[in-house]
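# Survey of secondary and tertiary structure
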Amino acid sequence: CHDWNGKLHEFGSHWRNADCYDCSCSRDGISCCSSFATPVSYDEEKCVSIFNKETCTYKVVEKNDHSKECPVHGWVG
């Protein structure tokens, strides 16, 4: 299988791409799904979600003070 960057992967192989998706290669082609959960239920007027590509996680913090985390009531992924 060739991924979106043109890299060749063997059948049966698994990897995590630079966008934090877990991928696998089979004779049917490449299949990828997100390795992270996305926050969906939080105070969007007061808070902002920030994605960290190094850890493949979201953090929800106050817009005016990123050192203060906000409660999240729902995640999808």
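Residues numbered from 1 in each chain as written. Predicted model: local features only at pLDDT ≥ 70, side-chain atom pairs only at ≥ 80, totals over all residues. Heavy atoms only, no water.

Looking now at the side chain of Glu-62. Structurally, Glu-62 can be placed in strand β6 (residues 57-62). Residue class for Glu-62 comes out buried when judged on its relative accessible area of 18%. Other than its neighbours up to four places away in sequence, Glu-62 contacts Lys-46, Cys-47, Lys-68 and Cys-70. (Helix = DSSP H or I, 4+ residues; strand = E, 2+ residues; numbered from the N terminus. Buried < 20%, exposed > 50% of the residue type's maximum accessible area, 1.4 Å probe, protein only. Contact = heavy atoms within 4.5 Å.)

What follows deals with the pattern of salt bridges. Within the structure shown, the criterion is met by 4 salt bridges. In this structure, Arg-16 and Asp-22 form a salt bridge, with 2.8 Å as the shortest nitrogen-oxygen distance. Taking the relative accessible area as the measure of exposure, Arg-16 reaches 46% and is therefore partly exposed. (Salt bridge = Lys/Arg side-chain N within 4 Å of Asp/Glu carboxyl O.)

Turning to its location among the elements, Lys-46 is positioned in the loop between β4 (38-41) and β5 (47-52). Lys-46 sits in the partly exposed class, given a relative accessible area of 44%. Each C-alpha atom, one on Lys-46 and one on Glu-62, is 5.8 Å from the other, the two residues being 16 residues apart in sequence. Apart from residues no more than four positions distant in its own chain, Lys-46 is found in contact with Val-61, Glu-62 and Lys-63.

What follows deals with the pairing of strand β2 (residues 21-26). Two strands pair when backbone bridges link them, and strand β1 (residues 14-16) and β2 are joined in this way by 3 bridges, in the antiparallel orientation. Its bridge partner being in β2, His-14 is matched across the sheet by Ser-24. Hairpin remark: β1 followed by β2, antiparallel, with 4 residues in the connecting loop; positive phi at Cys-20, about 70°. Where β2 and strand β3 (residues 29-34) come together, 6 bridges link them in antiparallel fashion. Of the residues in β3, the one forming a bridge with Tyr-21 is Ser-34. Between β2 and the antiparallel strand that follows it, β3, lie 2 residues. (Pairing = 2+ DSSP bridges.)

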